[in-house]
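Chain and residue survey
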Amino acid sequence: MASAAMQEEQVKLLGFWFSPFVRRVEWALKFKGIEYEYVEEDLTNKSSLLLTSNPVHKTVPVLLHNGNPIVESLVIIEYIDENWKQNPILPQDPHERAKARFWANFIEQKITEAARTALLTQGEQQEKVVKELKEAMEVLEGEAAAKLNDKTLFFGGKNGLGYVDIVLGWICNWAEVIEEVGGFKVLDPQKQPHIHKWMANFVEEPLIKPTLLPKEKMVVYFQMVRQAYLGLAAKK
Amino acid sequence: MAAISLQTATMAEEVKLFGTWASPFSRRIEVALKLKGVQFEYIEENLSNKSPALLEYNPVHKKIPVLVHNGKPVAESLVILEYIDETWKHNPILPTDPYEKAIARFWAKYIDDKLWPAATKVLVSKGEEQKGVTEEIQEQLKTLESELKGKKFFGGESLGFVDIAANIIVFLLVAQEALGLMEILTEEQFPVLHEWYQRLVDDAVFKECVPPRERHLGFFKVRFGSSTASK
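Residues numbered from 1 in each chain as written. Chains lettered and ligands numbered in written order. Predicted model: local features only at pLDDT ≥ 70, side-chain atom pairs only at ≥ 80, totals over all residues. Heavy atoms only, no water.

1. Observations regarding the overall build of chain A
What counts is decided by this rule: Strands are runs of DSSP state E lasting at least 2 residues, helices are runs of H or I lasting at least 4, and numbering of each runs from the N terminus. In this treatment the radius of gyration is a C-alpha quantity, and the globule benchmark scales as 2.2 Å times the residue count to the 0.38 power. Burial classes: relative accessible area under 20% of the type maximum marks a residue as buried, over 50% as exposed, and values in between as partly exposed (1.4 Å probe, protein chains only). Contacts are assigned to residue pairs with any non-hydrogen atoms lying within 4.5 Å of each other. For every accessible area listed, the method is Shrake-Rupley and the probe measures 1.4 Å; residues are considered covered only by the protein chains on display. The convention is simple: Lys and Arg are positive, Asp and Glu are negative, and His and the chain ends are not counted. Where a charge lies is defined by one atom per residue type: Lys uses NZ, Arg uses CZ, Asp uses CG and Glu uses CD.
The number of helices and strands found in chain A is ten helices and four strands. In sequence order, chain A lays out its α and β elements as α-β-α-β-α-β-β-α-α-α-α-α-α-α. A compact globule built from 236 residues should have a C-alpha radius of gyration of about 18 Å, and chain A, at 18 Å, falls within 12% of that. Over its C-alpha atoms, taken along the principal directions, chain A stretches across nearly 60 × 45 × 30 Å. The buried share of chain A, reckoned over its 236 residues, is 48%. Sequence separation of at least 24 residues holds for 68% of the intrachain contacts in chain A that already meet a minimum separation of 6. Accessible area of chain A: about 11700 Å², with a carbon and sulfur share of 54%. The average position of the 28 basic charges and that of the 32 acidic charges among the side chains of chain A differ by 3 Å.

2. Topic: the sheet that holds strand E4 (residues 68-71) of chain A
Residues and elements named next belong to chain A. Rules: At least two DSSP bridges between two strands are required for those strands to pair. Whenever a helix is involved, its axis is fitted only over the stretch in contact; in every case the axis is a line through C-alpha atoms, and angles between N-to-C directions fall within 0 to 180 degrees.
Taken together, the four strands give an open sheet; going across it, the order is E2-E1-E3-E4, and neighbouring strands pair in mixed fashion. Among the strands making up the open sheet, the edge pair consists of strand E2 (37-40) and E4. The average angle at which neighbouring strand axes cross in this sheet is 20°, direction not considered. The sheet strands contacting helix H2 (residues 20-32) are strand E1 (11-15), E2 and strand E3 (62-65), and the helix crosses E1 at an angle near 160°.

3. Overview of the pattern of salt bridges
Formally: Definition used for salt bridges: Asp or Glu carboxyl oxygen within 4 Å of a side-chain nitrogen of Lys or Arg.
Evaluated as defined, the whole model comprises 28 salt bridges over all chains. Close ionic contact of Glu96(A) with Lys99(A) constitutes a salt bridge, the shortest N to O distance being 3.5 Å. Placement of both Glu96(A) and Lys99(A) in helix H5 (residues 94-119) is noted, with a separation of three residues, approximately one turn of the helix. Judged by its relative accessible area of 31%, Glu96(A) is partly exposed. Assessed through its relative accessible area of 35%, Lys99(A) is described here as partly exposed. Lys34(B) is paired through a salt bridge with Glu208(B); the nearest N and O atoms lie 3.4 Å apart. Of this pair, Lys34(B) sits in helix H2 (residues 24-35) while Glu208(B) sits in the loop between helix H9 (191-202) and helix H10 (213-224), placing them 174 residues apart in sequence. Look at the salt bridges and you will find they share partners, linking Glu78(A), Glu82(A), Arg97(A), Arg101(A), Glu82(B), Glu86(B) and Arg105(B) into a network.

4. Points about the environment of Ile171(A)
Residue and element names in this part refer to chain A. Take Ile171: it is sitting in helix H8 (residues 170-182). Along the chain, Ile171 and Ile195 lie 24 residues apart, while their C-alpha atoms are 9.9 Å from each other. Excluding anything up to four places from it in sequence, Ile171 contacts Ile111, Met137, Val186, Trp198 and Met199.

5. Observations concerning the UniProt feature "coiled-coil region" (unreviewed entry) in chain A
Short version of the rule: UniProt positions are given in the numbering used here, feature names are shortened, and annotations may be inferred rather than shown by experiment.
Mapped onto this numbering, the UniProt entry gives "coiled-coil region" (unreviewed entry) at residues 123-150 of chain A. Within residues 123-150 of chain A, the helical portion is 89% and the strand portion 0%, while the C-alpha atoms at the span's ends are 40 Å from each other.

6. Side note on the side chain of Arg226(A)
Residue and element names in this part refer to chain A. We count it as follows: Polar contacts, as used here, are pairs of N or O atoms within 3.5 Å; protein pairs need one atom able to donate a hydrogen and one able to accept it. Residues neighboring in sequence count only if both atoms are side-chain atoms.
Turning to its location among the elements, Arg226 is positioned in helix H10 (residues 215-235). Among buried charged residues, Arg226 stands out as having no salt bridge; its nearest opposite-charge side chain is Glu127, 11 Å away. A polar side-chain atom of Arg226 sits 2.7 Å from the main-chain carbonyl oxygen of Thr121. For Arg226, the contacting residues outside a window of four places in its chain are Ala118, Leu119, Leu120, Thr121, Gln122, Gln126, Val181 and Gly182.

7. Details of the pairing of strand E1 (residues 15-19) of chain B
Residue and element names in this part refer to chain B. Using the following cut-off: Handedness of a crossover is defined as follows: orient the strands so they point away from the viewer, and if the path from the first strand over the helix to the second runs clockwise, the crossover is right-handed.
Buried residues dominate E1, accounting for four of its five residues. The pairing of E1 with strand E3 (residues 66-69) spans four bridges and is antiparallel. Pairing of Phe18 across the sheet is with Val66, part of E3. Here E1 runs beside strand E2 (residues 41-44); their pairing, made up of four bridges, is parallel. When the bridges of E2 are listed, Leu17 appears paired with Tyr42. You can see the chain leave E1, run along H2 and come back into E2, and the turn it takes is right-handed.

8. Digging into the packing of aromatic side chains
Any aromatic ring pair is given by two values, namely how distant the centres are and how the planes are angled relative to each other. Residues and elements named next belong to chain A. The condition that has to hold: Each pair of aromatic rings taken from Phe, Tyr and Trp, with Trp reduced to its six-membered ring, is defined by centres within 6.5 Å and is described as stacked if the planes are under 30 degrees apart, edge-to-face if over 60, and tilted in the remaining cases.
A complete count under the given rule lists 21 aromatic pairs over all chains for this structure. A centroid spacing of 6.1 Å and a plane angle of 90° characterise the contact between Phe18 and Phe222, whose relative ring orientation is edge-to-face. Taken together, the residues span a long stretch of sequence, with Phe18 in the loop between E1 and H2 and Phe222 in helix H10 at a distance of 204 residues. For Phe18, a relative accessible area of 11% translates into the label buried.

9. Some remarks on the layout of surface pockets
Here is the rule: Here a cavity is any set of points on a 1 Å grid over the protein atoms alone where a 1.4 Å probe fits but cannot get out, and a pocket is any open set with protein on both sides within 12 Å along at least 5 of 7 lines; a residue lines the site when it has an atom within 4 Å of a point. Grid points are joined across faces, edges and corners, and a volume is the space filled by probe spheres set on the points. Residues are sorted three ways: Asp, Glu, Lys and Arg are charged, Ala, Val, Leu, Ile, Met, Phe, Trp, Tyr, Cys and Pro are nonpolar, and all the rest, Gly among them, are polar.
Taken as a whole, the second largest pocket encloses approximately 450 Å³ of empty space. Lining the second largest pocket we find 15 residues, and of these Glu82(A), Arg97(A), Glu86(B), Lys89(B) and Lys101(B) sit closest to its centre. Residue composition of the lining of the second largest pocket, by class: five nonpolar, two polar and eight charged.

10. Some details on H2(B)
Residues and elements named next belong to chain B. Quick note on the threshold: Under the convention used throughout, the expected extent of a helix is 1.5 Å for every residue step, that is, one less than its residue count.
Between its first and last C-alpha, H2 extends 16 Å over twelve residues, near the 16 Å set by a 1.5 Å rise per residue. Burial within H2 is extensive, with ten of its twelve residues counted as buried. The backbone nitrogen of Phe25 has a side-chain oxygen 3.1 Å away, supplied by the residue at the start of H2, namely Ser23. Gly37, located one to two residues past H2, shows a positive phi value of around 65°.

Okay, here's the thing in structure tokens:
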């Protein structure tokens, strides 16, 4: 009986080792205790499985559940939360859910996107985006100051880790990489003490700690990506 | 006793929507509330003179739409749609199956992340750039059309989350007409999408939530008219 049920739950994740969007999905799967097969994709030689599973965007992460593909990291995390009911990631109350989604969108549009653009640009273009990133970090710090304290370490509240933590978590492994490669600050511990403290707690979480990659490995990779983008931009 | 519980029931459902008449994002919320038969108070905002209430309810973005339910605010149109669906469970907007729901969310996100920026760009760009963006929009419409695959609506038999999000297309077509732009959605190029579009604008609820046509055409002419030189 048990093995039949287990056979039904075929979960595969297509990813790149350096992708923060893939890592989020892994955190969500691990948070729920879901067994999955991880498949490392080659960015320069994408598998036919990837291309048929995500024909619109042709990128990772892709979650395949019993052969059905789900794409876009935030969509995947909500799918995981709704399909496997243990250890809820989003709150139960509709208003709390709406607030969690609001902050996840804020992080994605104002912080993740800005950091990514700043990593791939220079000069005035980079300066403009870095300024926007700083402003967004200040807004997030305000929310962190309001929500987090000695008893409430994470945005998930009394449940511990939650949706917003999983969505923001990339900052813990990638911020220092981006700072070194891009030559700008993502986080200022003086100006964002609550976020800084949240990061220190996040990286110590038992399910997060083993997933963190050494900075040096990522710096090498993202240096290459930045040079490639700047090179392309110069040709235009 | 009965009188008190009736009063409590009406007191429990205080719903306000802060919006603007020409915003597709604001109109999305009207569609959802009307589909569910939810009574609400509509507050028209003046975006060049935002009300203290709006600034208090959406301090982060200071934007409409904002839904306020029993004093608690919800912002961001797709977030509001999900909130409405989870709070008033009859006439569902999203599918109940998690996989179908994920697909709906994917397409709504596609519309907001890809179609919306392209749509705003096409209104302010000129000449070759405008032509390029128009082609980009047509590629996106082609992609969306393939998702319809023989269904009446993206939501199936009745209009749902993705159809509501796709109201951007309706607004884009009014803008196209107002500014005399190159035709974006023709029956020849997009037969399936064209039929869907006709169903959408004929839908009893949806058509109540579209800005009045003449006023809307005038809005685009005033706002974007001077910047077009597509001919």
